[in-house]
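One letter stands for each residue in the lines below.
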Amino acid sequence: MIPCQVGPKLWSSIQETYHRAEKNKNSFKFDTKVEVLEDPHNRVDFVLRISTALKAKKTNISSSTTSTASTAPPKNPFLPPEPELLICQLGDQHNLILNKFNVVPYHVIITTTEFRSQEEPLHVADLKALWQVLEAFPGDAVGFYNCGQNSGRSQPHKHMQAVPLPFSAEFPSAGHLHRAVDRDSVEYGLPYNTPFAVQSLPYCCFAVKFKPGERPSPEALGQLFHRLRLRAAVSLHKSDSTRDCSSYNFLLTRRFMMLVPRRSEFAGPVALNSLQYAGTFFVRNEEELQYVKRTGPFSMLVQAGVDWPTAMQNAQVALKEMSEGDSEGKAEQETREAAKEVAGLRLKRLAMRKPEVGPSEGGRGSKL
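Quick caveat, the model's predicted, so the values are computed rather than measured.

### A closer look at the sheet that holds strand β16 (residues 280–283)
Consideration 1: Overall, mixed pairing links the three strands, which are arranged β2-β3-β16 in an open sheet. Only two strands of the sheet have a single partner each, and these edge strands are β2 (33–38) and β16. Neighbour-to-neighbour, the strand axes of the sheet open up by a mean angle of 25 degrees, direction not taken into account.
Consideration 2: Relative to strand β3 (residues 45–50), β2 is paired through six bridges, and the arrangement is antiparallel. Of the residues in β3, the one forming a bridge with Val 34 is Arg 49.

### Remarks on the pairing of strand β12 (residues 248–252)
Consideration 1: Within β12, five of the five residues are buried, which leaves it mostly tucked inside the rest of the structure.
Consideration 2: Along β12, one buried face is formed by Tyr 248, Phe 250 and Leu 252 and the opposite face, lined by Asn 249 and Leu 251, is buried too.
Consideration 3: Hairpin connection, β12 to strand β13 (residues 256–261): the antiparallel pair is bridged by three residues.

### Comments concerning the state of the cysteines
Consideration 1: The tally for this structure, following the rule as stated, stands at one disulfide.
Consideration 2: Here Cys 4 is linked by a disulfide to Cys 88, with a sulfur-sulfur distance of 1.7 Å. Measuring handedness by torsion sign, the sulfur bridge of Cys 4 and Cys 88 sits at about 80 degrees and is right-handed. Of the two residues, Cys 4 sits in the segment before α1 (8–23) while Cys 88 sits in strand β4 (residues 86–90), which places them 84 residues apart along the sequence. No difference in accessibility class separates Cys 4 from Cys 88, as the two residues are buried.
Consideration 3: Cysteine Cys 204 remains unbridged, with the sulfur of Cys 205 as its closest cysteine sulfur at 6.8 Å.
Consideration 4: The exposure class of Cys 205 is buried, given its relative accessible area of 0%.

Calculation rules
- Every chain is numbered on its own, with residues counted from 1 as its sequence reads.
- Local features in this predicted model are restricted to residues whose pLDDT is 70 or higher, and side-chain atom pairs enter the listing and the counts only when it is 80 or higher, whereas totals over whole chains, interfaces and linings include all residues.
- Heavy atoms from the whole structure form the basis of all side-chain values; hydrogens and water molecules are not counted.
- Here, any two strands with at least 2 DSSP bridges between them count as paired.
- In this text, helices come from DSSP runs of H or I with a minimum length of four residues, and strands from runs of E with a minimum of two, each type numbered from the N-terminal end.
- Interaxial angle, 0 to 180 degrees, is taken between N-to-C directions of lines fitted to C-alpha atoms, where a helix line uses only the stretch in contact.
- Only protein chains enter the accessibility calculation, which uses a 1.4 Å probe; a residue whose area is less than 20% of its type maximum is buried, one above 50% is exposed, and one in between is partly exposed.
- A pair of sulfur atoms, both from cysteines and within 2.5 Å, is called a disulfide here.

Below you can see the structure in the form of structure tokens.
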């Protein structure tokens, strides 16, 4: 197994493996038609990619749950990974491989070397590996993790993913998420590396802004991720401190991390994952495209996630249940503090949503 290099050398390995696999037809890049859709309520542009070839891709999860004719277990594409897709090994616990079916170039996957469940939270070693990959990209990039049954995951084997930014050359990669995180953190007056609710977005989500130029340690990333997950859990009314938030999407850039709790995999006919929350929709056919245009991206993201009033109500119920309990260990205290924070959010900030994520200086909403 080839150990991964760091920085530019790792990026060279990604490029070489990608072009070799594409040339030898070991990986497949779908032809897509790119459209830009401005959300009718928030004036934010989303990148839409329409690919009829996506109809041919079947995931192990969907095939195993919808077919009763075959008793053969679904094949795990990560154990072992295809040699032609393997880039290198990231430490002792992870492999870095290409996405066999990609829509954007240099889409990579970080998998655990042994089977771990996609319903597990991310551990320090996972975050260390993901950050190492993000640092290898020469420009901006986003890493993400689809956790749980409602997250839009494609495989039950634990894996993270990373793609370069921007999603379309037409837009800068600062985007509506960067602006929302920047503006909310300034309004709250919070120091860097402090979790907060990003209420300028219409769906429940929590973020941490990193100090510019500083590289957080893997241990710090793990602690911050844990604190975000607690807030997501109480937003879904998961007050038991021993239980994790069951489904969520996690986004990581070199500027911030964000976690979005999920209560449904679908909005209408469209399955959503982390990339939709980052600002790009992959649609399989004209029917899905028309649904996105008719409903609007933000409305779909709220449908599949949790709206803020519901999140606050759930946190209030969770807090009441914890108040009636007797246990007061560290985990219970952390969960109680998270519930207090979410339950005490100010609904009046929701009225500020539109200007918070409005158009960029160029007159149109920009993209992450």
